[in-house]
Structures are given as C-alpha cells and as structure tokens.
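# Report on the structure
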Amino acid sequence: MRSKDYLTEIRRSEGLRRAILRGIEIKDAVATFFLATDLIYSENDKEYARSVSERYTPAGLTAEVKITKSVPSAEGVRKGILETLKNRFPAVAAFVAPDDVEVDLETGGGRFFIGVGEVERNQFSADGAIDVLSAELGKKFCGIWHGEFRYFEKEKGQIEREELPPEEILIAPRSFAVTDFSEIDGGEKPSRAIYIADLVKEMQGVSVCGTVTYAEERVTKSGKPYFSFTISDGTGQLRIAYFTRKATLEKVRGIKVGAGICFTGDNELFNGSLSFRARTVNAGNPPADFVPEPLPSRPVPSRYRTVFPVPVSDPVQSALFEEQGAPPAQLCERDFVVFDLETTGLNNSPVGGAMDRIIEIGAVKIRNGKICEKFSSFVACPVRLSGEIIRLTGINDEMLAGAPDIADVVADFYKFSADCALVGHNVQFDYKFIRHYGEKERYSFEQKTYDTVSFAQEMLRLSNYKLNTVADHFGFTFNHHRAYDDAFVTAKIFLALVKLKNGLPK
C-alpha cells in the first residue's frame, strides 16, 4: 500500500481533507486504520474512510477505521522539530536550542522559524533541513507546514581580559634519558630524547624515543624498500618514513608494533611543513617511571570570553557501546576534546616563513563515551583569503568580518580543553597551530594527543587514511573541510575505533 495514494483519496472527504495516517494494526483478520484530523468529521466521513481503506486492504482481511480529533500545540510542534533535527541532522541540531524555535499555528497547519547565525543559516540551507522538517511535520501533525531560518546577531558581550603574569615564559624543548638501548641500524646511544610534543621547530641531530604503534614495509617507485613507522612517547605521536641499508634490512623488518625504538635525525622543513628525517633507528625506551614534565603556563581562564560551549549529542554514537555494555574504562577516566582547524595555509611553524593563520576552530567534548559539548567559532583574519582557501573551505572574507581575535578564541579553547586529552585526524598538524598561537598568549597546551590517522592504521586496512575515506568505512556522512563538521565526524571515528579495540591506542 502506498500511503501517499491512500491519503490522497482519504482527503477528498471534507472532514478529512487534512487527515494523517498514524498507523495500521492487523489483528484477528481485521486491519484497523488509525487516522487523525484537526477538523470536525461526520459519520459519513468515517464511512467514506472505511470504504477507501477496504480497497487498500489485502484479500482475507476486513477494514476498520478509527478517527481521532488532533489539534497540534506549538510546544508539540517545537518538540517535533527538535527531535527531527537530532535524528536527521545532528550537526545542525548542535546549533539550535529550544528557544531558537518559534511556531505560529494557523488553520490547516502553520509556520515555524529557526533562529541561527547568518553563516550557520547558509550551512543549514545547503543541508536541505527546512524541506525535511516540513515533510516530517506533515507526517506527525495535520495540515501543511512551512519553515524558514531567521538570522539574528549573537551577542558576545564585553570581553574581560585577564592580565598576563609578570614573569617571562620561555618554551624550551624537554627531554628524557633513553633506557634499554641496543643497536639496530647504526648510531651511538643518544644522551637524551626530545619530547615528540616539542618538535615544533627545526632541529639538527636530535633523537626521539617511544613505542611503535604502526609499522609497515613499503616500496618506492624504483622498487627500493622503506618503512613507515608511527611512534608514541606519551606526549605525542610521530610518523616517520625510514630508508634502511641492505645490511640491516632484516633487522629493521624485525621492528614490530609494541617495540620500543629510538630514531635520530633532523627535524626539518619539507614542502613547507616540518618533517622528521631519521638517519638511524635503534632499540630504546623512555624511563620506566617517565611522566611528562609540564610547561609553565597562565592559569585556565576563569570565564569564557567570546566562544561559549553548548550541549550537543549524536543519536548514532549515543548507542555505540550498548551492545557491549559500558564504554571501556579508559574512555571514562578522562574527557577528550576532538578538534579541527581551518587555516589560511599549511605552514604551522614560524621557521617556514610567515606563519599561516587559524580562521575557524571546531571541537567537541567526549565524556563517558558520549559526545556532550561543542565549541565552534570563526577567527578574525587581517589578510584576505586566497581563492584556493575559499574554494576548499567555503569560508570567505565576509564570513570572518566581526569574528573574535585569535587571542580571545585560543583563551576560550584553552579553557574548553583544560584537563582533556586532544584528539584529531593528523592531530600534530593542527596541534602545532594551537600550540603556537597558545604560546603567544602564554597558554601551554600540554595535553596528551591521540591521532585517528594512526589509530585507523592500527585497526583498519584501507587504501588510504584520509578523513573522508575512514568516515566512508564507518558509513559516516559530513560536510568536509569545515572545522566543526570535521571535528564531529572525527569524534565519531575515534569512538568507533575505541569500540573495535575495546580500549585506547598507546
């Protein structure tokens, strides 16, 4: 039975011209059609509905009709809108609070208005949310429903600035002693290994040491073998391409996930970005009692300045752990902030020339295995955006007009992410931006980081590990190259990978 055709016939009767079908129940060879109407209906209307229903009833069943009078309330329609947004457009729902939805009831339906910022309105329109909402309301409530977005200027209030501490904070690379050293492919035991988190500038002849979380042998176009490793030292993760000598090829092949290794080489610019070029690799570990040394920092701001986090949820990931009970304990021991940036370019280190700028920050917070809060803001940019960045992100100069300065946004993000681990897709790229602009305001981002690229490499076998490829693997759809959408889907990927592993990556 096609409900559309059925309702077209039912609505030819005067008292049922705005009727909706609430459901059909089959019991004891009787098919009961439950209709609702907001009009006064007669016995003739009911008999007409029964005769129509009879024609749509399979052979061997008798048709009955039950009609109820149903007049929607503004609050009921509002709840219906919020429920549909949550289920069909979770990224849209994150921007909409109950007070943002206004409903005007009219004879035979009504109109609804959703208040959003100007930029958000454009995004929601592209998703087709209004058309879907109108159609869904037409299924739940009698009559025809029309909607639109209303733009309003979000008040930011007076920015209260906190004074800088009088002492000068100097950020210097930290290091630890290497233990359990043994030779694999040349080189002497290094005296110290630099924290991976501190590889934010060009350095020559430095060592990094940690646990292998990913290892794969590859070949160049010319057929020469090389290895792709990811290591973690508890402060960050580092991906390294290593070219070995023939004499030590088998030894390097013996390096497996879980092994402790130490690379020595140069942290240098390559294609405009910092990259670690390893010259030697040997066995080694951080000290058994290694605890990362914190950097001095301004205290966490006492209040938000311009970016105010709001509650957010996703119905898909909310039930992610239901089959296996509670989330892994590691996921509940601390909060995680999954973040993404849009920037004016790829230079995330001042040693590469003029540092590119952050133009948008998007983030979500995970608590007890659930996405619970969102943080999203454009960032003022004093230089015009290039055509390539506008094409890639959909962000233009007009969108950034009136946006808060990076000094205020980074302070709010520091507060939002305080005491949380940081998660991102290729997290070190964005982390270096955040750390640079944070240090300019004397905020030291020192959280442990998790990279969903490395995590996906550990758990999945894909043709590549780009964000859209990993998202497609899990069936997640999103608006790529916008900070909040990328952060939201990265959080869903992170939770899905945690479920697969039943724990966190190393």
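All residue numbers refer to position in the chain's written sequence, counted from 1. Reporting of local features is limited, given that this is a predicted model, to residues whose pLDDT is at least 70; pairs of side-chain atoms are given and counted only at 80 or more, and all residues count toward the totals for whole chains, interfaces and linings. To obtain the side-chain values, all non-hydrogen atoms of the structure were used and water was disregarded.

Further remarks concern the overall build of the chain. The helix and strand tally for the chain stands at 16 helices and 20 strands. Only protein chains enter the accessibility calculation, which uses a 1.4 Å probe; a residue whose area is less than 20% of its type maximum is buried, one above 50% is exposed, and one in between is partly exposed. Residues counted as buried form 51% of the 506 residues belonging to the chain. Between two residues, a contact is recorded if the distance between any of their heavy atoms is within 4.5 Å. Taking the intrachain contacts of the chain between residues at least 6 apart in sequence as the baseline, contacts between residues at least 24 apart amount to 68%. Using a 1.4 Å probe, accessible areas were evaluated by the Shrake-Rupley method; residue-level cover was limited to the displayed protein chains. Within the structure as shown, the chain displays about 24100 Å² of accessible surface, and the carbon and sulfur contribution to it stands at 50%. Secondary structure counts use DSSP, requiring at least four H or I residues in a row for a helix and at least two E residues in a row for a strand, with both numbered from the N terminus.

What follows covers the side chain of Ser53. Residue position: Ser53 is located in helix H2 (residues 43–55). Classification of Ser53 as buried rests on a relative accessible area of 0%. For Ser53, the residues in contact, after removing those within four places along its chain, are Tyr6, Phe33, Ala63 and Val65.

A separate point is the pattern of salt bridges. Salt bridge, as applied in this entry: a Lys or Arg side-chain nitrogen positioned within 4 Å of an Asp or Glu carboxyl oxygen. Per the stated rule, a full pass over the model turns up 29 salt bridges. One salt bridge connects Arg55 with Glu9, and the closest N-O pair in it is separated by 2.1 Å. Highlighted residues: Arg55 in helix H2 and Glu9 in helix H1 (residues 3–10), separated in sequence by 46 residues. In this structure, Arg78 engages Glu75 in a salt bridge whose closest nitrogen and oxygen atoms are separated by 2.6 Å. With Arg78 and Glu75 both in helix H3 (residues 74–88) and 3 residues apart, this pair spans about one turn of that helix. In this structure Glu75 comes out as partly exposed when scored by relative accessible area, which is 40%. If you follow the salt bridges from partner to partner, you end up with Arg174, Asp198, Arg435, Glu439 and Glu446 in one network.

This next bit is on the packing of H3 against helix H6 (residues 129–140). Lines fitted to C-alpha atoms define the axes here, with helix axes fitted over just the stretch in contact, and angles between the N-to-C directions of these axes take values from 0 to 180 degrees. Following both chains from N to C, one finds H3 and H6 inclined at 125°, their axes separated by 10 Å at the closest point. In terms of orientation, H3 lies oblique with respect to H6. For the element pair H3 and H6, the recorded crossing hand is right-handed. Across the interface between the two elements, Val77, Gly80, Ile81, Glu83, Thr84, Leu85 and Arg88 from H3 touch Val132, Leu133, Glu136, Leu137 and Lys140 from H6. Of the residues contributing to the contact of H3 with H6, the split by class is 6 nonpolar, 2 polar and 4 charged. Here is the rule for angles: anything less than 35 degrees is roughly parallel, anything more than 145 is roughly antiparallel, 65 through 115 is roughly perpendicular, and the remaining ranges are oblique. Left-handed is the label given to a crossing in which the near helix is rotated counterclockwise from the far helix by less than a right angle, and right-handed is the label when the rotation is clockwise. All amino acids are sorted into three groups, where Ala, Val, Leu, Ile, Met, Phe, Trp, Tyr, Cys and Pro are nonpolar, Asp, Glu, Lys and Arg are charged, and the leftover types, Gly among them, are polar.

Any pair of Phe, Tyr and Trp rings, taking the six-membered ring for Trp, is counted once the centres come within 6.5 Å. Such a pair is stacked with planes under 30 degrees apart, edge-to-face with planes over 60 apart, and tilted for the rest. Across all of its chains, the model carries 24 aromatic pairs by this definition. Measuring from ring centre to ring centre gives 6.0 Å for Phe336 and Tyr450, while their planes differ by 55°; the resulting arrangement is tilted. With Phe336 in strand E16 (residues 335–343) and Tyr450 in strand E20 (residues 449–451), this residue pair connects regions lying 114 residues apart in the sequence. As far as the burial class goes, Phe336 and Tyr450 line up, both buried. One aromatic cluster in this structure is built from Phe339, Phe375, Phe413, Tyr414, Phe416, Tyr443 and Phe445. Directly above the ring of Phe416 sits Lys365, whose terminal nitrogen or CZ lies 4.5 Å from the centroid. Whether a charge lies above a ring is judged from NZ of Lys or CZ of Arg, which has to be within 6 Å of the ring centre and within 35 degrees of the ring normal.

This paragraph deals with the nonpolar core. Ranked by size, the top nonpolar core spans 30 residues in total, and within it Phe336, Ile366, Ile371 and Phe494 carry the most contacts. Counting residues per element, the ones that place at least two in this core are E16, strand E17 (358–367), strand E19 (420–424), helix H14 (452–459), helix H15 (467–474) and helix H16 (483–501). For this core, the element with the highest residue contribution is H16, accounting for 10 residues. Excluding anything up to four places from it in sequence, Phe494 contacts Leu331, Phe336, Ile366, Val423, Tyr450, Thr452, Phe455 and Leu504. Among buried residues, those of type Ala, Val, Leu, Ile, Met, Phe, Trp, Tyr and Cys that are joined through side-chain atoms within 4.5 Å constitute a nonpolar core.

Before going further, it helps to spend a moment on the environment of Pro382. Along the polypeptide, Pro382 turns up in the loop between strand E18 (370–378) and helix H10 (387–393). For the pair Pro382 and Leu400, spaced 18 residues apart in the sequence, the C-alpha separation amounts to 9.5 Å.

Turning our eyes to something else, we now look at unusual backbone geometry. Here the phi dihedral of Ala29 falls at roughly 65°; this positive angle occurs in a residue that is not glycine. Among the secondary structure elements, Ala29 is positioned in the loop between strand E1 (20–27) and strand E2 (30–37). Among the residues examined, Ala29 registers a relative accessible area of 40% and is labelled partly exposed. Despite not being glycine, Asn502 shows a phi value in the positive range, around 60°. Structurally, Asn502 is set in the segment after H16.

It is at 10 Å that the axes of H15 and H16 come closest, and there the two elements cross at 55°. By the angle class used here, H15 and H16 are oblique. H15 and H16 meet at a crossing whose hand is left-handed. In contact with Leu467, Val470, Ala471 and Phe474 of H15, H16 contributes Asp486, Val489, Thr490, Ile493, Ala496, Leu497 and Leu500.

Note that strand E8 (residues 179–185) and strand E14 (residues 273–285) share 3 bridges and pair antiparallel. Across the sheet, residue Ser182 finds its bridge partner in E14, namely Ala283. Strand pairing follows a simple DSSP-based rule, namely that at least 2 bridges must link the two strands. Two strands pair when backbone bridges link them, and strand E13 (residues 260–270) and E14 are joined in this way by 10 bridges, in the antiparallel orientation. From the neighbouring strand, Cys262 faces E14, where its bridge partner is Asn282.

The mixed open sheet is built from 3 strands, whose spatial order is E1-E2-E3. Either end of the sheet is taken by a strand with one partner, and the two such strands are E1 and strand E3 (62–69). On average, each strand axis in the sheet is inclined to that of its neighbour by 20°, with strand direction left out of account. Where E2 and E3 come together, 8 bridges link them in parallel fashion. Within E3, the position partnered with Ala36 by the bridge is Thr68.

In this structure, Ser313 sits in the loop between strand E15 (310–311) and helix H8 (315–318). Linking Ser313 and Lys370, residues 57 residues apart in sequence, is a C-alpha distance of 7.6 Å.

Spatially, the 6 strands line up as an open sheet ordered E8-E14-E13-E10-E11-E12, and their pairing is antiparallel. Of all the strands in the sheet, just E8 and strand E12 (237–242) have a single pairing partner and so form its edges. Taking each pair of neighbouring strands and ignoring which way they run, the sheet shows an average axis angle of 50°. Two elements, strand E10 (residues 203–219) and strand E11 (residues 225–232), share 8 bridges in a ladder whose sense is antiparallel. Following the sheet pairing, Val212 is matched in E11 by Ile231. Those strands touched by H14 are E10, E11 and E12, and its axis lies near 65° from that of E12.

Geometric values such as these leave the question of function open.
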